[in-house]
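Read off the chains here:
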Amino acid sequence: MKTIVSAAALLAASLFAVPASAANLVLYTSQPNEDAQATVDGFMAANPDIKVDWVRDGTPKIIAKLQAEIQAGNPVADLLLIADMVTLERLKEEGKLLAYKSPEAAQYDATLYDADGYYYSTKLITTGIMYNTAAGMKPASWKDLTKPEAKGLVTMPSPLASGAALIHAQTLAAVPGLGWDYYKALAENGAIAAGGNGAVLKSVASGEKAYGVVVDYLPIREKAKGAPVEFVFPSEGVSAVTEPVGILASSKNAEAAKKFVDYVLSEKGQEGFLKLGYIPARNGMKLPEGFPARDSIKVLPIKAAEALKNTDQDLKTFSGIYGSN
């Protein structure tokens, strides 16, 4: 029987190690609950001798939890499957990840994994614009959200609560013609920034707000279910997080953890992400229904090491514009 570490057990998990009899692996992830369970179920079906417990929260909270455990001398997780490479680059530099050269890496672009084997991208999750179909304007670019037609009608996740939102802000901040001046213009136009992507989805789908900055799969999924929403890949391009997987150096189950890494990078594991509605990171895979052709999606560049170096200042800059939400 599979075991799930519930939200109610987070504190207990922080204070006490998971008994060996309870699970072979502990995964900390920022995937939505449904997706985390599907990923774990797929792995356990392929590896019936290994059980997995999982804990889910936003990337900043997951990392704060992990760091607290490390400082207390009792890290619980074996694996991380979280929003972005910048976060795992930080852990790599701090010596908290285990290097593992997965044979599956041969099927991935070199830009999508760490050359030393400390982490590997599992999917491409872009951030674009969603809008309610009742909205008066149909946005096509990022700058459309600063127009009078969008005044007071825009919502977006905060980089303080969402790893994808932080990468998005850092990506747009480096784009000529956008930058932090763009974020200031959004604020002046009444845009709000708080919480995570799920809250943005609910706000726009319900009609509370007309426009939202959000990760792609949420509105595309909801549209397929009949929600009155559309998703736009803006003309300037989109940011992307790649939800990398990495093994903690403190893992007591490293061999089983390596099998998990191989699984999520394998064709079978990538097909699981495809079925959940994500763009697989592995070369040669199809795209989910509702997405345009992969070569039509312009992904804006970001340098992980540079973004890591600028993270603290970027968060201060964002907070100075929108407050600490």
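Parameters at a glance
All residue numbers here refer to positions counted from 1 along the written sequence of the relevant chain. In keeping with the model being predicted, local features are shown solely for residues with a pLDDT of at least 70 and side-chain atom pairs are shown and tallied solely at 80 or more, while totals for entire chains, interfaces and linings include all residues. Hydrogens and waters are ignored; side-chain quantities use all the structure's heavy atoms. Pairing between two strands is assigned when DSSP locates at least 2 bridges connecting them. Numbering of helices and strands runs from the N terminus; a helix is a DSSP stretch of H or I covering at least four residues, while a strand is a stretch of E covering at least two. Pairs of residues are marked as contacts when any of their non-hydrogen atoms sit within 4.5 Å. Comment: axis = line fitted to C-alpha atoms, over the contacting stretch for helices; angle = value between 0 and 180 degrees taken between N-to-C directions. By the definition adopted for this analysis, an angle is roughly parallel if under 35 degrees, roughly antiparallel if over 145, roughly perpendicular if from 65 to 115, and oblique otherwise. Any residue that is not Ala, Val, Leu, Ile, Met, Phe, Trp, Tyr, Cys, Pro, Asp, Glu, Lys or Arg is counted as polar, Gly included; the first ten are nonpolar and the last four charged. For salt bridges, the criterion is a side-chain nitrogen of Lys or Arg within 4 Å of an Asp or Glu carboxyl oxygen. Only protein chains enter the accessibility calculation, which uses a 1.4 Å probe; a residue whose area is less than 20% of its type maximum is buried, one above 50% is exposed, and one in between is partly exposed.

**Q** Which residues make up the sheet that holds strand 2 (residues 52–56), and what are the values?
**A** Strand order across the open sheet formed by 5 strands is 2-1-3-11-4, with mixed pairing between neighbours. Each of the sheet's edge strands pairs with one partner strand only, and the pair in question is strand 2 and strand 4 (97–98). With 3 bridges joining them, strand 3 (residues 79–81) and strand 11 (residues 245–248) adopt antiparallel strand pairing. Counted as the bridge partner of L80 is G246 from strand 11. Helix 9 (residues 254–265) contacts strand 1 (25–29), strand 3, strand 4 and strand 11 of the sheet and is inclined by roughly 175 degrees relative to strand 11.

**Q** Just give me the short version of the packing of helix 4 (residues 85–93) against helix 11 (residues 304–322), but keep the residues and values in it.
**A** Look at helix 4 against helix 11: their axes get within 9 Å of each other, and the N-to-C directions meet at 85 degrees. The angle between helix 4 and helix 11 places the two elements in the roughly perpendicular class. When helix 4 is examined against helix 11, the residues V86, E89, R90 and E93 are found in contact with a partner set consisting of A304, A307, L308, T311 and D312. Partitioning the contact of helix 4 with helix 11 into residue classes produces 4 nonpolar, 1 polar and 4 charged.

**Q** Please set out the pattern of salt bridges residue by residue, giving values where relevant.
**A** Enumeration according to the criterion identifies 11 salt bridges in this entry. Linking E104 and R282 is a salt bridge whose minimum nitrogen-to-oxygen distance equals 2.9 Å. Of this pair, E104 sits in the loop between strand 4 and strand 5 (123–132) while R282 sits in the loop between strand 12 (279–280) and helix 11, and the two are 178 residues apart along the sequence. What makes E104 partly exposed here is its relative accessible area of 22%. Linking K123 and E243 is a salt bridge whose minimum nitrogen-to-oxygen distance equals 2.5 Å. Linking K123 in strand 5 with E243 in the loop between strand 10 (239–241) and strand 11, this pair joins segments that are 120 residues apart in sequence. You can call K123 buried: its relative accessible area is 0%. The class for E243 is buried, based on a relative accessible area of 4%. Among the ionic contacts, a cluster of salt bridges with common partners joins K92, D114 and D116.

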